[in-house]
There are 4 protein chains.
Amino acid sequence: MSSVRTPDPNPGWLSDIALDETRSRVPILYVEGIPVRVDATGRVEHVGLLLRGSATTGAMNRTFVSGRVMHGESVRDALLRNLEKDLGPTAFPQLPTTIVPFTVAEYFPLPGVTPLHDPRQHAVALVHVVPVTGDCAPRQDALELTWLTPEDAASPEMLAELEGGRGSLLKQALAHVGALP
Amino acid sequence: MSSVRTPDPNPGWLSDIALDETRSRVPILYVEGIPVRVDATGRVEHVGLLLRGSATTGAMNRTFVSGRVMHGESVRDALLRNLEKDLGPTAFPQLPTTIVPFTVAEYFPLPGVTPLHDPRQHAVALVHVVPVTGDCAPRQDALELTWLTPEDAASPEMLAELEGGRGSLLKQALAHVGALP
Amino acid sequence: MSSVRTPDPNPGWLSDIALDETRSRVPILYVEGIPVRVDATGRVEHVGLLLRGSATTGAMNRTFVSGRVMHGESVRDALLRNLEKDLGPTAFPQLPTTIVPFTVAEYFPLPGVTPLHDPRQHAVALVHVVPVTGDCAPRQDALELTWLTPEDAASPEMLAELEGGRGSLLKQALAHVGALP
Amino acid sequence: MSSVRTPDPNPGWLSDIALDETRSRVPILYVEGIPVRVDATGRVEHVGLLLRGSATTGAMNRTFVSGRVMHGESVRDALLRNLEKDLGPTAFPQLPTTIVPFTVAEYFPLPGVTPLHDPRQHAVALVHVVPVTGDCAPRQDALELTWLTPEDAASPEMLAELEGGRGSLLKQALAHVGALP
């Protein structure tokens, strides 16, 4: 849903033409992960946001771990694959025991239908909050991963930096874990 | 996910050829609804199962309300549209206040990957339990809607009649509402 | 959790002395209900807030439907009883099919432990969003029920009027149903 | 809810007399944890059940991690305290980011009201599935912790060994994580 994505380790599953055509036909299923650091009782202490540069506009913006569910791939596998792709191999994410997301995010190509927007496609994302315990090493196009307290993450400035309207998703995530200021 | 579907009121969104092609490329997003009758405290008293005849095998089987999310359509609208399509205009379904499903069902074309199976496609369904208060009049290919107590619905015979492995989904639904015997 | 409560239709289950003593010993279990009006697809259009006068301070404040779970009473029965007590007999609340709440609210007698605070006790509340379809007639000490759009309900002024820190709960509820502005 | 409990590290919060009196007045709030081992994608591979001997009957039975929420204690702290009490200090439980349980379990002193039963009291438990990554060393009255596959855990024999009707809870837990056979 960003205009620049970390190249997928399994490229070529769909050609650009086939993907564009498919995007015009059906909603595309995504998984998204919001990395967090937690204390011993599971309370969220920090939220991890990726900083990326947009290929089209050159602007910097913030986003979550995000990627398509491939044909034949399970939701769990897609979530783990995208977490490893965006956070590196030593992040040690603790995936949830259930694949029921805390929210279902709907991105429409036309702005304004929902707070969320993706000019490329109609996308529907299963969004999870994912504790990570290891070292995160963002790869390729992601410049850095910033750890923020819930208070800092929920500041109007930071929420506005999140691409595609994901500020509303971040507030939902913080509310879900009881950490929305 | 059944081999025979109630024709959609908005046909032709995708031609059969385009749909087949798309199904080979990406997982297809569905919504499913399990109709229930509840008492004044919300407790599930009866579960509604649709009886359908299979076009390919001629066999009768049971299923839920189910249908694709169309390009540009919200999950809520897709759920309401499919409930009205399968239960008729006077069912008065009480849609959930959240679109977070009680489970995410993954159907793979190859049998055995999960308990769920759809020979046509890789489908991912957001599944909801939906109380209905009005009269249900199943339309077209659905022969009838049968209301069963949780005990009867969870009997091995009935679970085995559910198409595509949905017996496992029905047990999940009953467990979710605290009515799994 | 308000200092003035609608008298319970089954008074005397515990004497004031016994209740005070119990409150000093264990957390007290509550249910809370946030009444909402929804459209045909389940989307929340209005949130209902009760206006009450405080017996101790004389100030007016806003609250949700709220009450204790009695000894021997099921959570479902407690939720329905308190909805009928606070909204009247013709509100026709649609209780959830699951008793899993959207949040567990923890009120401590000491302010500042959590955003929530109840000077009388340590209370733990199971909080539900409850669509109501009928006419609400707040009873006794509740002066009125006001229906607000999610935008108006989430305004800083309104959030500050909610007693015991329930502004944070209301934001959680709106986030849960995808209606937090 | 078992007749024999591991002594609490903070004994004497309530005398036996005060606790008995309190139990006759209000529902008592518990937390329960079902320990699981998960794979890298979060899928549950094994469920941990505690084996205990009953002081009253001498019979052996199975149970979960379970304990009261103390006055003034947060739900998160109570869950961690009880996990450490029953699994030892090196279990390294991964507590959930949200305190919303997968189910709310209601135990009544009178058998048959729900599948769950506790002769001592009316108890309401917030139940969580908790991945543990370390070594579990059950303490004191718990004889052992047995790791079972979901298939073995859901066998009728094992479900019947779970005390207080917790077989129904275990099925709910397995359904929640998508592992009910």
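Residues numbered from 1 in each chain as written. Chains lettered and ligands numbered in written order. Predicted model: local features only at pLDDT ≥ 70, side-chain atom pairs only at ≥ 80, totals over all residues. Heavy atoms only, no water.

1. Structural notes on the overall build of chain A
Step number 1: Assigned secondary structure in chain A consists of five helices and seven strands.
Step number 2: Start at the N end of chain A and walk to the C end: the helices and strands fall as α-β-β-β-β-α-β-β-β-α-α-α.
Step number 3: Relative to the globule expectation of 16 Å for 181 residues, the C-alpha radius of gyration of chain A, 15 Å, shows essentially globular dimensions.
Step number 4: Across its three principal directions, the C-alpha atoms of chain A cover 45 × 30 × 30 Å.
Step number 5: For chain A, buried positions account for 62% of its 181 residues.
Step number 6: Of the contacts made within chain A by residues no fewer than 6 positions apart, 70% connect residues no fewer than 24 positions apart. (Helix = DSSP H or I, 4+ residues; strand = E, 2+ residues; numbered from the N terminus. Rg over C-alpha atoms; globule rule 2.2 N^0.38 Å. Buried < 20%, exposed > 50% of the residue type's maximum accessible area, 1.4 Å probe, protein only. Contact = heavy atoms within 4.5 Å.)

2. Remarks on the interface of chain D and chain C
Step number 1: On the side of chain C, 29 residues touch chain D, which itself brings 29 residues to the contact.
Step number 2: Across the contact surface, chain D and chain C share two salt bridges.
Step number 3: E21(D) serves as the salt-bridge partner of R25(C), at 2.7 Å between the closest nitrogen and oxygen.
Step number 4: Put simply, the parts of the chain that give the side of chain D that touches chain C at least two residues each are α1 (16–23), β5 (103–107) and β6 (123–131) of chain D.
Step number 5: If you tally residues by element for the side of chain D that touches chain C, the top one is α1(D), at four residues.
Step number 6: For the side of chain D that touches chain C, the residue count by class is 16 nonpolar, seven polar and six charged. (Salt bridge = Lys/Arg side-chain N within 4 Å of Asp/Glu carboxyl O. Nonpolar A, V, L, I, M, F, W, Y, C, P; charged D, E, K, R; others polar.)

3. Digging into the pattern of salt bridges
One side chain can pair with another of opposite charge once the charged atoms of both are near each other.
Step number 1: In this structure the tally under the stated criterion is 40 salt bridges over all chains.
Step number 2: Residues D86(A) and R52(A) are paired through a salt bridge, measuring 3.3 Å at the closest nitrogen-oxygen approach. Taken together, the residues D86(A) in helix α2 (residues 75–87) and R52(A) in strand β2 (residues 44–53) connect sequence positions 34 residues apart.
Step number 3: Under the relative-accessibility criterion, R52(A) is labelled buried at 2%.
Step number 4: Taken together, the shared-partner salt bridges connect E21(A), R25(A), E21(B) and R25(B) into one network.

4. So, the confidence of the model for chain A
Residues and elements named next belong to chain A.
Step number 1: Taken as a whole, chain A shows an average pLDDT of 89; of its residues, 91% reach a score of 70 or greater.
Step number 2: Within the model, the stretch residues 1–12 combines pLDDT values under 50 with 44 contacts to residues more than four positions away or in other chains.
Step number 3: Both scores are given for the predicted complex: the pTM is 0.92, the ipTM 0.90. (pLDDT = per-residue confidence, 0-100.)

5. Regarding the relation of the copies chain D and chain C
For these two chain copies, the linking operation is a rotation about an axis paired with a shift along it.
Step number 1: With an axial shift of 0.0 Å and an RMSD of 0.0 Å, the rotation relating chain D to chain C amounts to 180 degrees. Put plainly, the chains are arranged around a two-fold axis. When C-alpha distances to the rotation axis are compared across chain D, the minimum falls at T22(D), with a value of 3.0 Å.
Step number 2: Comparing interface residues between copies, 100% of those in chain D also sit at the interface in chain C, which points to an isologous, same-surface contact. (Least-squares fit on C-alpha atoms with pLDDT ≥ 70 in both.)

6. Focus: helix α1 (residues 16–23) of chain A
Step number 1: Within the span of α1(A), buried status applies to A18(A), L19(A), T22(A) and R23(A). Each buried residue of α1(A) lies within a common arc of 135 degrees when the element is viewed along its axis, so the set occupies one face. Exposed and facing more than 90 degrees away from the buried side of α1(A) are D16(A) and I17(A).
Step number 2: Turning to α1(A), the residues buried within the fold contact β1 (28–38) and β4 (65–68) of chain A together with α1 (16–23) of chain B. (Arc of directions from axis to C-beta.)

7. What to know about the relation of the copies chain B and chain A
Step number 1: When chain B is fitted to chain A, the residual RMSD is 0.0 Å, and the transformation amounts to a turn of 180 degrees plus an axial shift of 0.0 Å.
Step number 2: Mapped onto chain A, 100% of the interface residues of chain B are again interface residues, and the two copies thus contact each other with one and the same surface.

8. Remarks on the interface of chain B and chain A
Step number 1: Of the residues lining the interface, 29 residues belong to chain B; the matching set on chain A comes to 29 residues.
Step number 2: Taken together, the two surfaces of chain B and chain A that pack against each other cover about 2,500 Å², and 68% of this comes from carbon and sulfur.
Step number 3: There are two salt bridges connecting chain B and chain A.
Step number 4: The tally of links from chain B across to chain A stands at twelve residue pairs in polar contact (both at pLDDT 80 or more).
Step number 5: Secondary structure elements with two or more residues in the side of chain B that touches chain A: α1, β5 (103–107) and β6 (123–131) of chain B.
Step number 6: Take the side of chain B that touches chain A: its biggest share by element is four residues, from α1(B).
Step number 7: Here the side of chain B that touches chain A is composed, by residue class, of 16 nonpolar, seven polar and six charged. (Buried area = accessible area lost by both parts, 1.4 Å probe. Polar contact = N/O pair within 3.5 Å; in protein donor to acceptor, adjacent residues only side chain to side chain.)

9. Re helix α2 (residues 75–87) of chain B
Step number 1: With 13 residues, α2(B) extends 18 Å between its outermost C-alpha atoms, agreeing within 8% with the 18 Å of an ideal straight helix rising 1.5 Å per residue.
Step number 2: A large share of α2(B) lies buried, amounting to eleven of its 13 residues.
Step number 3: Turning to α2(B), its buried residues number three or more, namely V75(B), R76(B), A78(B), L79(B), L80(B), R81(B), N82(B), L83(B), K85(B), D86(B) and L87(B).
Step number 4: Tucked into the core, α2(B) has its buried residues touching β5 (103–107) of chain A together with β1 (28–38), β2 (44–53), β4 (65–68), β6 and β7 (142–148) of chain B.
Step number 5: Looking one or two places after α2(B), you find G88(B), whose phi comes out positive at around 90 degrees. (Expected span 1.5 Å × (residues − 1).)

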